Amino acid sequence: MRYTTYRLNGADRVGVVAGEFLYDLAELIRMEGKESLPAHGPRPETMLDVIHLGPNFWQQVTACLEAAEVRRASDPEGWRLYVDQGVVRSLDELERQGGRLLAPIPRPAKNLVCLGRNYRAHAEERGEEVPQAPIFFTKAPTCVIGPGEAIEYPSVTQLLDYEGELAVVIGRGGKQIPKERALEHVFGYTILNDVTARDVQRLHHQWFRGKSLDTFGPMGPWIVTADEIPDPQALRIRTWVNGELRQDAPTSQMIFSVAEIIAWLSDGITLEPGDIIATGTPAGVGEQAGQVRPLQRGDRVRIEVEGIGTLENPVV
Ligand code: MG
């Protein structure tokens, strides 16, 4: 299941994407949820609502989508009704109607937790030591932007850089989650560009400001639920700048796996539904030891994670 947040006619809504089609979640439940989701049942308005409602609700949404997809395949009249009533539209049609996808969680409830140097080759290209324990830092929720939105080159930096990353969205919260059970707590996965002002990152010793400037958290295009990604260490991440391939690595090269990251983090910190963890970037960033190729205004950064999709943002 691919959950997305989209904006149409000034309203932000949760949707589910199936192939080229975007279903409005509330409308989908209204049409298909009569038995499994009664009229007085939950009507989530945001992605955080969806995640908080938990596994039973997610299963019911899956059943609604399956029923709708059967309708699409075998019930032309029913499908026409769906289209006419705005229950479903193609992603192209969304754009024609002036709508767009937002970050799946446009305003996270708290800071995004990120991993520094979680790929050996990335630590080495930066001339840094490979960590013995995860390097945790955070990005402010206000830095999040959606697919296609502009990364704004702020005047406080001369060295803007990209970092393509797999991001984990927590579904079921918990504390002291053992590594072996950690993936059961994942709602799904998305893509994050951990945009970084390298000079600001260095200036403050703590990375928070250099990583949290406005627009420094492109995220999306949707959350792919964990059932579709049984092994988050078996994905390929690639990043292009203006069509030139800069990063290309399997997530198997992470030093600390998704399960290990959750175990470390939850050992003393309560994880909550909707928490976001960015798992670190592979080699190939713009600033490396002996080579600096910062982003420029006009550049386009495109990140693809296998099984999830593509996140592309211009720099302005
Ligand atoms: Mg990073």
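Since this is a predicted model, take the numbers as computed values, not measurements.

### Focus: the overall build of the protein chain
Link 1 in the chain: Along the protein chain, the regular secondary structure elements total nine helices and 20 strands.
Link 2 in the chain: For 316 residues, the compact-globule estimate of 2.2 N^0.38 gives 20 Å, and the C-alpha radius of gyration of the protein chain, at 20 Å, lies within 12% of that figure.
Link 3 in the chain: C-alpha extents for the protein chain along the principal axes are approximately 65 × 45 × 30 Å.
Link 4 in the chain: Of the contacts made within the protein chain by residues no fewer than 6 positions apart, 74% connect residues no fewer than 24 positions apart.
Link 5 in the chain: Roughly 13,700 Å² of accessible area belongs to the protein chain as shown, and the carbon and sulfur atoms make up 48% of that amount.
Link 6 in the chain: Between the mean site of the 33 positive side-chain charges and the mean site of the 44 negative ones, the protein chain shows a separation of 3 Å.

### Observations regarding the packing of helix α1 (residues 25–32) against helix α3 (residues 55–74)
Link 1 in the chain: For the pair α1 and α3, interaxial distance at closest approach is 9 Å and the crossing angle is 75°. One way to sum up the angle between α1 and α3 is to call them roughly perpendicular. For the pair α1 and α3, the contacting residues are Leu25, Leu28, Ile29 and Glu32 in the first and Phe57, Val61, Cys64, Leu65, Ala67, Ala68 and Arg71 in the second.
Link 2 in the chain: Looking at the contact of α1 with α3, its residues break down into nine nonpolar, no polar and two charged.

### Notes on the coordination of the magnesium ion
Geometry sets the ideal angles at a metal, namely 109.5 degrees for four tetrahedral donors and 90 or 180 degrees for six octahedral donors.
Link 1 in the chain: Within the protein, the atoms that donate to the magnesium ion are Glu163 (OE), Glu165 (OE) and Asp194 (OD), at distances of 2.0 to 2.1 Å.
Link 2 in the chain: Each donor residue of the magnesium ion lies on one chain, and together they are spaced E-x1-E-x28-D. Of the two residues, glutamate 165 is situated in strand β10 (residues 164–170) and aspartate 194 in the loop between β11 (186–193) and β12 (196–197); the sequence distance between them amounts to 29 residues.
Link 3 in the chain: Residue glutamate 165 is classed as buried on the basis of its relative accessible area, which comes to 0%.

### Looking at the domain arrangement of the protein chain
Link 1 in the chain: Looking at the protein chain, the domain boundaries give domain 1 (2–101) and domain 2 (112–314).
Link 2 in the chain: A C-alpha centroid distance of 29 Å is found between domain 1 and domain 2.
Link 3 in the chain: On the side of domain 2, 16 residues touch domain 1, which itself brings 13 residues to the contact.
Link 4 in the chain: Note on domain 1 versus domain 2: buried area summed over both sides is about 1,200 Å², and carbon and sulfur give 69% of it.
Link 5 in the chain: Together, Arg2, Tyr3 and Ile51 form the three largest contributors to the area buried by domain 1 at its contact with domain 2, with a combined 49%.
Link 6 in the chain: At the junction of domain 1 with domain 2, the criterion picks out one salt bridge.
Link 7 in the chain: Between arginine 100 and glutamate 149 there is a salt bridge whose closest N-O contact spans 3.5 Å.
Link 8 in the chain: Our enumeration of links across domain 1 and domain 2 arrives at four residue pairs in polar contact (both at pLDDT 80 or more).
Link 9 in the chain: Of all elements in the fold, only β1 (2–8), α2 (47–53) and β5 (100–101) reach the threshold of two or more residues within the side of domain 1 that touches domain 2.
Link 10 in the chain: Class assignment of the residues belonging to the side of domain 1 that touches domain 2 gives a composition of nine nonpolar, two polar and two charged.

Cut-offs applied
- Residues numbered from 1 in each chain as written.
- Predicted model: local features only at pLDDT ≥ 70, side-chain atom pairs only at ≥ 80, totals over all residues.
- Heavy atoms only, no water.
- Helix = DSSP H or I, 4+ residues; strand = E, 2+ residues; numbered from the N terminus.
- Rg over C-alpha atoms; globule rule 2.2 N^0.38 Å.
- Contact = heavy atoms within 4.5 Å.
- Areas by Shrake-Rupley, 256 points an atom, 1.4 Å probe, with all protein chains shown as cover.
- Lys, Arg positive; Asp, Glu negative; His and termini not counted.
- Charge placed at Lys NZ, Arg CZ, Asp CG, Glu CD.
- Axes fitted to C-alpha atoms, helices over the stretch in contact; angles between N-to-C directions.
- Parallel < 35°, antiparallel > 145°, perpendicular 65-115°, else oblique.
- Nonpolar A, V, L, I, M, F, W, Y, C, P; charged D, E, K, R; others polar.
- Donors = N, O, S within 2.8 Å, 3.2 Å for Na, K, Ca; no water.
- Buried < 20%, exposed > 50% of the residue type's maximum accessible area, 1.4 Å probe, protein only.
- Domains from an automatic or database assignment.
- Buried area = accessible area lost by both parts, 1.4 Å probe.
- Salt bridge = Lys/Arg side-chain N within 4 Å of Asp/Glu carboxyl O.
- Polar contact = N/O pair within 3.5 Å; in protein donor to acceptor, adjacent residues only side chain to side chain.

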